[in-house]
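What the coordinates show
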Amino acid sequence: MEYIQQWFEQLFGATLGSTLFLFAENLVYIVAIVLPLLLGVAYLTFAERKIIAYMQIRLGPNRVTFFGISWLRGWGQPIADAVKAIMKEIIVPTGANKFLFLLAPVITIAPALAAWAVVPFSPELVLADINAGLLYILAMTSLGVYGVIIAGWASNSKYAFLGSMRSAAQVVSYELAMGFALVCVLMMSSSLNLGDIVIGQQGDSFLNWYLIPLFPMFLVYFISGVAETNRAPFDVAEGESEIVAGFHVDYSGMAFTVFFLAEYANMILVATLTSIMFLGGWLPPFNFAPFTYIPGMVWLLLKIAFILFFFLWFRATFPRYRYDQIMRLGWKIFIPITLVWIVLIGMVMQLPVSLRDTFPLNMWFS
């Protein structure tokens, strides 16, 4: 890398060359994160269709393959779906605000991709290792709802507008619970840096992970994440039986596909953050061989896949909640539980150091 930087400085001068090298380096890192993410999104849709098919005693996608290879049947389905979506026409309704109508999908997917800038994949592998990473994540994940609201309003359709209003109320309700759950993680780790949060969970085994002392917060955060991403059983924002398809009822072609990609990208992001905050991130479940031989990124990916499986399992299992049930769960159950847990963690932190150094508190409170 030093050789490439020197080449840039010789070509463009010391100041400009150094700036251009930094820009090019960050661009390479961004592409290295976004491309696998988009591929993961594509094949998460395939995994969802196959897993739910097995649960319902069906086959799922089993036709589209690569180069006629029989044992890859079905694996070409996401690529075929992408090509089909690209070829379809984007129809803008006559009464719609065209600029906002086309801007809404971009606003929805941009925060889902931008949030990955501060996600640590291993101790050294992170694009932007900023101290306020957790704050940045909360800010980015809160922006996605604006795309949904703009989509509902710009469509000039009552069904779409009703769906966007539902989504706005739902996201605001569960954003509070998610925020309070993360406050507990912040209190225990004493840091907003995601890497420091993972390092704070280091120890001999998975018993040192925040999953154990913050198990109710883990459940609150994960279920709130399911609600935030408008996934079943919280998908009232696009309830087919009531409001046709909700906020994206008038979208087609790639404009609709971008909404679709944003939903799955947010699922992967929520699974990643859950793994980092509560499941030790890249840390192995046991700190001895052969577990320590496996790279940290592999452990992180396995934890993400484990959490994503529950997203898919919920969709195949639970019926859609009524809107009043969703609001009650968020405001009357989750938020009070998180507030009580914040008080409990605060009380433990105020204990004398001699008490905090006794087992089991010394596993999580240094």
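To be clear, the structure that these remarks concern was listed above.
Quick caveat: nothing in here was measured; it's all calculated off a predicted structure. (Residues numbered from 1 in each chain as written. Predicted model: local features only at pLDDT ≥ 70, side-chain atom pairs only at ≥ 80, totals over all residues. Heavy atoms only, no water.)

Here's the deal with the overall build of the protein
Helix and strand content of the protein: 13 helices and zero strands. When the helices and strands of the protein are read in sequence order from the N terminus, they spell out α-α-α-α-α-α-α-α-α-α-α-α-α. The globule rule puts the C-alpha radius of gyration for 366 residues at 21 Å, and the 22 Å found for the protein is close to it. In terms of principal-axis extent, the alpha carbons of the protein reach across some 70 × 65 × 45 Å. Counting only contacts in the protein whose residues sit at least 6 apart along the sequence, the fraction spanning at least 24 positions is 73%. Per element, the accessible surface of the protein, about 18600 Å² overall, is 71% carbon and sulfur. Side chains of the protein carry 18 positive and 20 negative charges; the gap between the two charge centres is 15 Å. (Helix = DSSP H or I, 4+ residues; strand = E, 2+ residues; numbered from the N terminus. Rg over C-alpha atoms; globule rule 2.2 N^0.38 Å. Contact = heavy atoms within 4.5 Å. Areas by Shrake-Rupley, 256 points an atom, 1.4 Å probe, with all protein chains shown as cover. Lys, Arg positive; Asp, Glu negative; His and termini not counted. Charge placed at Lys NZ, Arg CZ, Asp CG, Glu CD.)

Comments concerning the side chain of Ser 155
Counting through the fold element by element, Ser 155 comes out in the loop between α5 (133-154) and α6 (158-189). We classify Ser 155 as buried; its relative accessible area is 2%. Among the polar contacts made by the side chain of Ser 155, one reaches the main-chain carbonyl oxygen of Ala 151 at a distance of 2.7 Å. Here Ser 155 is in contact with Pro 93, Ala 96, Phe 101, Ala 160, Phe 247, Asp 250 and Tyr 251, once residues within four sequence places are set aside. (Buried < 20%, exposed > 50% of the residue type's maximum accessible area, 1.4 Å probe, protein only. Polar contact = N/O pair within 3.5 Å; in protein donor to acceptor, adjacent residues only side chain to side chain.)

A word on helix α2 (residues 14-55)
In an α-helix there are 3.6 residues to a turn, and that puts residues three or four apart on one side. Given a rise of 1.5 Å per residue, 42 residues ought to cover 62 Å, and the 60 Å separating the end C-alpha atoms of α2 matches this to within 8%. Ile 57 sits one or two positions beyond α2 and adopts a positive phi of about 55°. (Expected span 1.5 Å × (residues − 1).)

Some words on empty space enclosed by the protein
Where empty space is left in the structure can be found by rolling a water-sized probe over the atoms. One pass over the structure, following the stated rule, counts one cavity of 30 Å³ or more. If you add up the space inside the largest cavity, you get close to 40 Å³. Along its surface, the largest cavity is lined by Val 118, Pro 120, Val 126, Ala 128, Asp 129, Ile 130, Gly 133, Asn 193, Leu 194 and Gly 195. The residue makeup of the lining of the largest cavity, split by class, is six nonpolar, three polar and one charged. (1 Å grid on protein atoms, 1.4 Å probe; cavity = no way out; pocket = protein on both sides within 12 Å on 5 of 7 lines; lining within 4 Å. Points joined across faces, edges and corners; volume = space filled by probe spheres on them. Nonpolar A, V, L, I, M, F, W, Y, C, P; charged D, E, K, R; others polar.)

Concerning the nonpolar core
A general feature of soluble globular proteins is that nonpolar side chains tend to end up buried together. Of all hydrophobic cores here, the largest spans 69 residues; its most connected members are Leu 194, Leu 214 and Met 277. Of all the elements in the fold, those that place two or more residues in this core are α2, α5, α6, α7 (194-199), α8 (215-228), α10 (253-278), α11 (296-317) and α12 (323-349). The leading source of residues in this core is α10, at eleven residues. With residues up to four places along the chain from it excluded, the contact list for Met 277 reads Leu 134, Leu 182, Val 185, Leu 194, Ile 197, Gln 201 and Tyr 210. (Core = buried A, V, L, I, M, F, W, Y, C linked by side-chain atoms within 4.5 Å.)

Some remarks on the packing of aromatic side chains
Two measures describe an aromatic ring pair: the distance that separates the ring centres and the angle between the ring planes. Tallied over the entire structure, the rule returns 30 aromatic pairs. On the numbers, 6.1 Å between centres and 80° between planes, the contact of Tyr 43 with Phe 46 is edge-to-face. With Tyr 43 and Phe 46 both in helix α2, this residue pair falls three residues apart, about one helical turn. For Phe 46, a relative accessible area of 6% puts it in the buried group. Between Phe 286 and Phe 288 the ring centres are 5.7 Å apart and the planes differ by 35°, which places this aromatic pair in the tilted class. The partly exposed category is assigned to Phe 288, whose relative accessible area is 45%. Aromatic rings pair up to connect Phe 215, Phe 218, Tyr 221, Phe 222, Phe 278, Phe 306, Phe 309, Phe 310, Phe 311, Trp 313, Phe 314 and Phe 318 into one cluster. (Phe/Tyr/Trp six-rings, centres within 6.5 Å; stacked < 30°, edge-to-face > 60°.)

A look at the environment of Trp 71
Turning to its location among the elements, Trp 71 is positioned in the loop between α2 and α3 (77-87). Along the backbone, Trp 71 and Phe 46 are 25 residues apart, and their C-alpha atoms lie at a distance of 15 Å.

Some points on the layout of surface pockets
In this structure, the second largest pocket occupies an estimated 790 Å³ of space. Listing elements by their share of the lining of the second largest pocket, those giving two or more residues are α2 and α11. With twelve residues, α2 is the single largest residue contributor to the lining of the second largest pocket. Broken down by class, the residue content of the lining of the second largest pocket amounts to 25 nonpolar, two polar and one charged.

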